[in-house]
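Summary of the model geometry
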Amino acid sequence: MASGICQIDFYVLEDQHKSVQQLACQLAMMAWEQGMKSLVILPDQRQIEQLDELMWSVPKGRFLPHQPAGQSGVAPVVLGTHVDLDDCQAQVIINLDTKVIPRPERFRRLLELVPANDADRKASRLKFRAYKAQGLEPVSHTMGGN
């Protein structure tokens, strides 16, 4: 992959009972297993705390080393907000916020997680168009309902 080019993938959930938070845990685990650091972007502190709790049990039977942004340590998965992007050392950004990631070319991969409900999908459609307008080529993956 050429330097300065970010691979952007949209993971579209089809099942209303699957959560983007669980998918974020699975994708962060995959990135860690491939030797890459991840930053999971969430809208606020409350959601950071919720995902922090979830990461202790998902994926089931596995331990995913993680920490909130701003804490000392070198966990391969960091949970933060948009303000943490500038100091980030991650190669992979997992975006659970409704906002576009600015200057995505700074990162190797950007994973946009799209919830199953239509009300939340509007923001994802706008993000897809925004990345296209920057000359990037996001790819969509449908995550089955099973």
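The coordinates are above.
For the structure given in this document, a descriptive report is provided here. (Residues numbered from 1 in each chain as written. Predicted model: local features only at pLDDT ≥ 70, side-chain atom pairs only at ≥ 80, totals over all residues. Heavy atoms only, no water.)

With that settled, consider the overall build of the chain. Helices and strands together make up the secondary structure of the chain, namely 3 helices and 7 strands. Starting at the N terminus and walking to the C terminus, you meet the elements of the chain as β-α-β-α-β-β-β-β-α-β. Its C-alpha atoms give the chain a radius of gyration of 14 Å, near enough to 15 Å, the size a compact globule of 146 residues would have. Dimensions of the chain, computed from the C-alpha atoms along their principal axes, are close to 35 × 35 × 25 Å. The burial tally for the chain puts 45% of its 146 residues in the buried class. Counted over contacts in the chain with a minimum sequence separation of 6, partners at least 24 positions apart contribute 66%. (Helix = DSSP H or I, 4+ residues; strand = E, 2+ residues; numbered from the N terminus. Rg over C-alpha atoms; globule rule 2.2 N^0.38 Å. Buried < 20%, exposed > 50% of the residue type's maximum accessible area, 1.4 Å probe, protein only. Contact = heavy atoms within 4.5 Å.)

The end-to-end C-alpha separation of helix H3 (residues 118-133) is 23 Å, in line with the 22 Å expected for 16 residues at 1.5 Å each. Every buried residue belonging to H3 is among Arg121, Ser124, Lys127 and Tyr131, and all of these are buried. Down the axis, H3 shows its buried residues gathered within 115° of arc, on one side only. Counted as exposed and oriented over 90 degrees from the buried face of H3: Asp118, Ala119, Lys122, Arg129 and Ala133. If you follow the buried residues of H3, they end up packed against strand E1 (7-13), strand E5 (92-95) and strand E6 (109-114). The residue sitting at the N-terminus of H3 and contributing the capping side-chain oxygen is Asn117; that oxygen lies 2.8 Å from the backbone nitrogen of Asp120. (Expected span 1.5 Å × (residues − 1). Arc of directions from axis to C-beta. Polar contact = N/O pair within 3.5 Å; in protein donor to acceptor, adjacent residues only side chain to side chain.)

This part takes up the packing of aromatic side chains. One pass over the full model with this rule turns up 3 aromatic pairs. Relative to Phe63, the ring of Trp56 has its centre 5.3 Å away and its plane inclined at 45°; by these criteria the two rings are tilted. A residue is classified by how much of its surface remains accessible, and Trp56, at 52% relative accessible area, is exposed. Through pairs of rings, three or more aromatic residues link up here, namely Phe10, Phe128 and Tyr131. (Phe/Tyr/Trp six-rings, centres within 6.5 Å; stacked < 30°, edge-to-face > 60°.)

To continue, consider the sheet that holds E6. With respect to topology, 7 strands assemble into an open sheet ordered E3-E4-E2-E5-E6-E1-E7, the strand pairing being parallel. Every other strand in the sheet has two partners, leaving strand E3 (66-68) and strand E7 (139-143) as the edge strands with one partner each. Shown here is a sheet whose adjacent strand axes are inclined to one another by a mean of 20°, direction ignored. The sheet contact formed by E1 and E7 spans 5 bridges and is parallel. The residue of E7 that forms the bridge with Phe10 is Ser140. Its contacts with the sheet place helix H1 (residues 20-33) against E1, strand E2 (38-41), strand E4 (77-80), E5, E6 and E7, and it is angled at close to 160° to E6. Of the strands in this sheet, E2, E3 and E4 touch helix H2 (residues 45-54), which is tilted by about 150° from E4. (Pairing = 2+ DSSP bridges. Axes fitted to C-alpha atoms, helices over the stretch in contact; angles between N-to-C directions.)

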